[in-house]
Amino acid sequence: MKKYILLIMGLLTVAGFAFSQNPIIRDQFSADPAARVFNGKIYLFPSHDIPTPPEKNLRENWFCMEDYHAFSSENLVNWIDHGVIVRQNKVAWVDSTSYSMWAPDCVERNGKYYFYFPANKKTDGTNERRGFGIGVAVADKPEGPYNAQIEPIEGINGIDPNILIDKNGQAYIYWSMGNIFVAKLKENMLELASEPQIISNLPANGLKEGPFVFERNGIYYLTFPHVENKTERLEYAMGDNPMGPFKMTGVIMDESPTGCWTNHHSMVEFKDQWYLFYHHNDYSPDFDKNRSVRIDSLFFNEDGTIQKVMPTLRGVGLTKASDKIQIDRYSAISDKGAKVDFNNPENTFEGWKSVLSGKGTSIQYNTVGFNKKYKKVQIKAASDLGGTIEIRLDKVDGPVVAEVNIPAATNWKTIDSKISQIKPGNHHLFVVLKNKNPVEIDWIRFTD
Ligand code: FUB
């Protein structure tokens, strides 16, 4: 019994929760998402940005990462943080002063999980850095514990490892260092089985990195971030062989409209829907090396080409009506008079609030699941002058299910208000400002 209680307590200390809306990890930075389906669940292996520790004499305004966490989800909505799986000072070959644990990947073979990660190699007695190597850590379960090999993979200098295990069982490793490289892996998944070769026919100019290769209906897709103009956008090439040649085909996601210089992604099919995992600097708008993982749905055309993905804040998945619905992760917002601000600019992890000012301005939040008939809506809101909002269903001029008066006050209030009957099922919510007095909203939820 005592053992059981200790186990539960242990799990509670490593398990953090995150949500479906973007970004999905809400208590730490997360970047370079490698998403994989193992045992019917989605596992996410991101890199873990941290603010540069001032005392460490590290390059300023640069990437800073010392470990990796693994996350999992059964529904893309609730994410469990399994804690640290690999740390720089626990890997024999890694320079543990380098904070260079960049984009990883993880695959399963014969019941073992192989976690591939780049980092700066230890110096060999000189002060010269030896560049990036790619190491492997092996586990019996996707969430670990992982044992890191004592040497990186021989023959690779590079970053951003990605693994494809082809239908015939042959495994390939892809990575980047100026170009994008490929080599076969031996059955043991730890050594190269062929000489690295540069993948040809890719854009000659502009940085290319972060390869992610997958096969669908006999087509091999090489997808990667590339700087065509100012910052990275996600592009892809198609081919009929894992080692190429590939033919450049299109853009999956345009450059970040707000200037986040990197993007890094993976694509995965889960429960008959494809998803694009990527990153953006949501919690760190002024420093784009502190990033956060996002998910949006991805669709293919009949001919196998990929439809461009527009980044959203709403993300994916169903939000339960009884959850605190963060409408600042909206599906759509009025052009004028509606905006989103941080709750606390000093600590952005406290999340966002929606601000409505201007009669008729609105915010739309899609796909809320009403599993039963609720009686009330509860709103955390603030309004200096006192304002009124309407909650409408399914259309901006759809039925008003609640009219909520926010009393004049300078602090947040949690207000309960009766609602008219809402038919169980999924609905889109529209939150509309009824008069001109501005209202700030933290969240909304439906209760009995
Ligand atoms: O996260 C560090 C580096 O930034 C990654 O390895 C690249 O792909 C880019 O996202």
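Quantities reported herein were computed from a predicted structural model and do not represent experimental measurements.

**Here's the deal with the overall build of the chain**
A count of helical and extended segments in the chain gives 1 helix and 31 strands. Its C-alpha radius of gyration of 24 Å places the chain within 12% of the 22 Å reference for a compact globule of 448 residues. Split into buried and exposed, the 448 residues of the chain put 56% on the buried side. Here the contacts in the chain between residues at least 6 apart in sequence split such that 59% fall between residues at least 24 apart.

**A look at the pairing of strand β7 (residues 112–120)**
In terms of burial, β7 is largely enclosed, as 8 of its 9 residues are buried. Where strand β6 (residues 105–109) and β7 come together, 5 bridges link them in antiparallel fashion. Counted as the bridge partner of Arg-109 is Lys-112 from β7. Turn length for the β6-β7 hairpin, with the two strands adjacent in sequence and antiparallel, is 2 residues, and the turn residue Asn-110 shows positive phi of about 50°. Sheet topology note: the β7/strand β8 (residues 132–139) ladder contains 8 bridges and is antiparallel. When the sheet's bridge partners are listed, Tyr-113 is paired in β8 with Ala-139.

**Brief notes about unusual backbone geometry**
Residue Pro-23 is reached from Asn-22 by a cis peptide bond, and omega for that bond is -5°. Note that Pro-23 resides in the loop between β1 (17–18) and β2 (31–38). Of note, the phi angle at Asn-201 is positive, near 65°, even though the residue is not glycine. Looking at where Asn-201 falls in the secondary structure, it is placed in the loop between β13 (197–198) and β14 (212–216).

**Let's talk about the sheet that holds strand β10 (residues 159–165)**
Strands sit in the order β10-β11-β12-β13 across an open sheet of 4 strands; the sheet is antiparallel. Each edge of the sheet is formed by a strand with only one pairing partner; in this case those strands are β10 and β13. Across 7 bridges, the pairing between strand β11 (residues 171–177) and strand β12 (residues 179–185) is antiparallel. If you follow Tyr-174 over to β12, its bridge partner there is Val-182.

**Examining the pairing of strand β5 (residues 79–87)**
As defined by bridge partners, strand β4 (residues 67–73) adjoins β5 across 6 bridges and the pair is classed as antiparallel. Bridge pairing in β5 links Ser-73 to Trp-79.

**So, the site of the ligand**
In the region of the ligand, the neighbouring residues are Asp-32, Phe-63, Met-65, Trp-102, Ala-103, Asp-160, Glu-209, Thr-262, His-264, His-279 and Arg-291. His-264 places a side-chain nitrogen or oxygen 2.7 Å from an oxygen atom of the ligand. Arg-291 places a side-chain nitrogen or oxygen 2.7 Å from an oxygen atom of the ligand. For the shell around the ligand, the residue count by class is 4 nonpolar, 3 polar and 4 charged.

**Description of the nonpolar core**
Of all hydrophobic cores here, the largest spans 30 residues; its most connected members are Val-377, Ile-379, Ile-389, Ile-391, Ile-441, Ile-444 and Phe-446. If you list the elements that add at least two residues to this core, you get β25 (362–370), β26 (376–383), β27 (387–393), β28 (400–406), β30 (425–433) and β31 (439–447). Every residue in contact with Ile-379, bar those within four places of it in the chain, is listed here: Ile-389, Ile-391, Val-404, Lys-413, Thr-414, Ile-415, Ile-441, Trp-443 and Ile-444. Judged by nonpolar contacts, the second largest core, of 25 residues, contains Tyr-43, Ile-85, Val-86 and Cys-106.

**Quick look at the side chain of Asp-288**
Its location among the elements puts Asp-288 in the loop between β19 (273–280) and β20 (292–298). We classify Asp-288 as buried; its relative accessible area is 17%. A polar atom in the side chain of Asp-288 sits 2.9 Å from the backbone nitrogen of Trp-261. For Asp-288, the side chain forms a polar contact with the side chain of Lys-289, separated by 2.8 Å. What Asp-288 contacts, discounting residues up to four positions off in sequence, is Gly-259, Cys-260, Trp-261 and Asn-281.

Cut-offs and rules
Residues numbered from 1 in each chain as written. Predicted model: local features only at pLDDT ≥ 70, side-chain atom pairs only at ≥ 80, totals over all residues. Heavy atoms only, no water. Helix = DSSP H or I, 4+ residues; strand = E, 2+ residues; numbered from the N terminus. Rg over C-alpha atoms; globule rule 2.2 N^0.38 Å. Buried < 20%, exposed > 50% of the residue type's maximum accessible area, 1.4 Å probe, protein only. Contact = heavy atoms within 4.5 Å. Pairing = 2+ DSSP bridges. Near = heavy atom within 4 Å. Polar contact = N/O pair within 3.5 Å; in protein donor to acceptor, adjacent residues only side chain to side chain. Nonpolar A, V, L, I, M, F, W, Y, C, P; charged D, E, K, R; others polar. Core = buried A, V, L, I, M, F, W, Y, C linked by side-chain atoms within 4.5 Å.

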